[in-house]
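Below, each chain spelled out in residue letters.
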Amino acid sequence: MIDTHTHLYAEEFDEDRREAIQRGLDKGITEFYLPAIDSESHEKMLQLEEEYPKQIFSMMGLHPCYVKPESWEKELEIVKNYLDQRHFPAIGEIGIDLYWDKTTLDIQVKAFEQQIDWAIEKDLPIVIHTRESFDETFEVLERKKHPKLRGIFHCFSGNLEQAKHAIDLNFILGIGGVVTFKNGKIDQFLNEIPLDKIVLETDSPYLAPVPHRGKRNESSYLDLVAGKLVDIYGKDFSEIDRITTENARNIFHT
């Protein structure tokens, strides 16, 4: 299995990071992809990648919740410098978040568009964070349409129509713990989405799947997400594992 989205460098793992990684490896997770947030966490993220060069891979980007009027342009300069210095498997996580702050929509859109331009220029996938902002996110993606524009709608929690729209725009869906929630709703239509349009993720330490909901999430719980897909698609675990792993490798070119 591949955890396509985990914040292993987060402070929630400071007490047992190595153990948490080992639990993931013991569950058969071969690769962990770390989304960037902002410059304050880059060093911890990249250091973790150095320690586990064959299993852990860092993305680069500016998270929409960290697009602040006083610092976003400087933060984007830092992102661009990294992208020019070395290879990253994706630009992320980037996008639009209107749950926490609607007042920054204008600069969130600008930061999103700039990072999309870099992704197209460097032929990299993007990993999209969208919260209470599907319409705004789709508007940007329609405007920026390009044969090289592709990636993952991370932590997909929209409806069937939005899922199909994302796929039409050359994106696949990141499915995590939400699929196990009673009020998550995506389990009601997910079987209408081809399995080759889905990758697995935890978004750990957030959004732990049932029965760990409300507690710290970790990559070793990815099998609970895959197990739910077994129920939804009526396929055996090894098939879910094989197809979603292949999808992740195709996206990240590993």
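- By the naming in an unreviewed UniProt entry, the protein goes by TatD DNase family protein and is assigned to Chryseobacterium joostei.
- According to the UniProt record, the Sequence similarities (unreviewed entry) comment for the protein reads "Belongs to the metallo-dependent hydrolases superfamily. TatD-type hydrolase family."

## Section: the packing of helix H3 (residues 72-85) against helix H4 (residues 105-122)
Packed helix pairs are specified by the crossing angle of their axes together with the interaxial distance, meaning the distance between the axes.
For step 1, the next point in the chain: Between H3 and H4, the shortest axis-to-axis distance is 11 Å and the interhelical angle comes to 10°. Here H4 runs roughly parallel to H3, going by the angle between their axes. Residues Trp 72, Leu 76, Val 79, Lys 80, Leu 83 and Asp 84 of H3 touch H4, and the partners they reach there are Ile 107, Lys 110, Ala 111, Gln 114, Gln 115, Trp 118, Glu 121 and Lys 122.
For step 2, the next point in the chain: Counted by class, the contact of H3 with H4 contains seven nonpolar, two polar and five charged residues.

## Here's the deal with the pairing of strand S5 (residues 126-131)
For step 1, the next point in the chain: Burial analysis of S5 places five of its six residues in the buried class, the great majority of the element.
For step 2, the next point in the chain: Sheet analysis places strand S4 (residues 91-97) next to S5, joined by six bridges and oriented parallel. Along S5, the bridge assignment pairs Gly 92 with Val 127.
For step 3, the next point in the chain: In terms of handedness, the path from S4 via H4 over to S5 forms a crossover that is right-handed.
For step 4, the next point in the chain: Where S5 and strand S6 (residues 151-153) come together, three bridges link them in parallel fashion. Each bridged residue has a counterpart across the sheet, and for Ile 128 the counterpart in S6 is Phe 153.
For step 5, the next point in the chain: Regarding topology, helix H5 (residues 134-143) serves as the crossover connection from S5 to the parallel S6, and that connection is right-handed.

Cut-offs and rules
- Residues numbered from 1 in each chain as written.
- Predicted model: local features only at pLDDT ≥ 70, side-chain atom pairs only at ≥ 80, totals over all residues.
- Heavy atoms only, no water.
- UniProt positions renumbered as here; feature names shortened; annotations may be inferred.
- Axes fitted to C-alpha atoms, helices over the stretch in contact; angles between N-to-C directions.
- Helix = DSSP H or I, 4+ residues; strand = E, 2+ residues; numbered from the N terminus.
- Parallel < 35°, antiparallel > 145°, perpendicular 65-115°, else oblique.
- Contact = heavy atoms within 4.5 Å.
- Nonpolar A, V, L, I, M, F, W, Y, C, P; charged D, E, K, R; others polar.
- Buried < 20%, exposed > 50% of the residue type's maximum accessible area, 1.4 Å probe, protein only.
- Pairing = 2+ DSSP bridges.
- Right-handed = clockwise from strand over helix to strand, strands pointing away.

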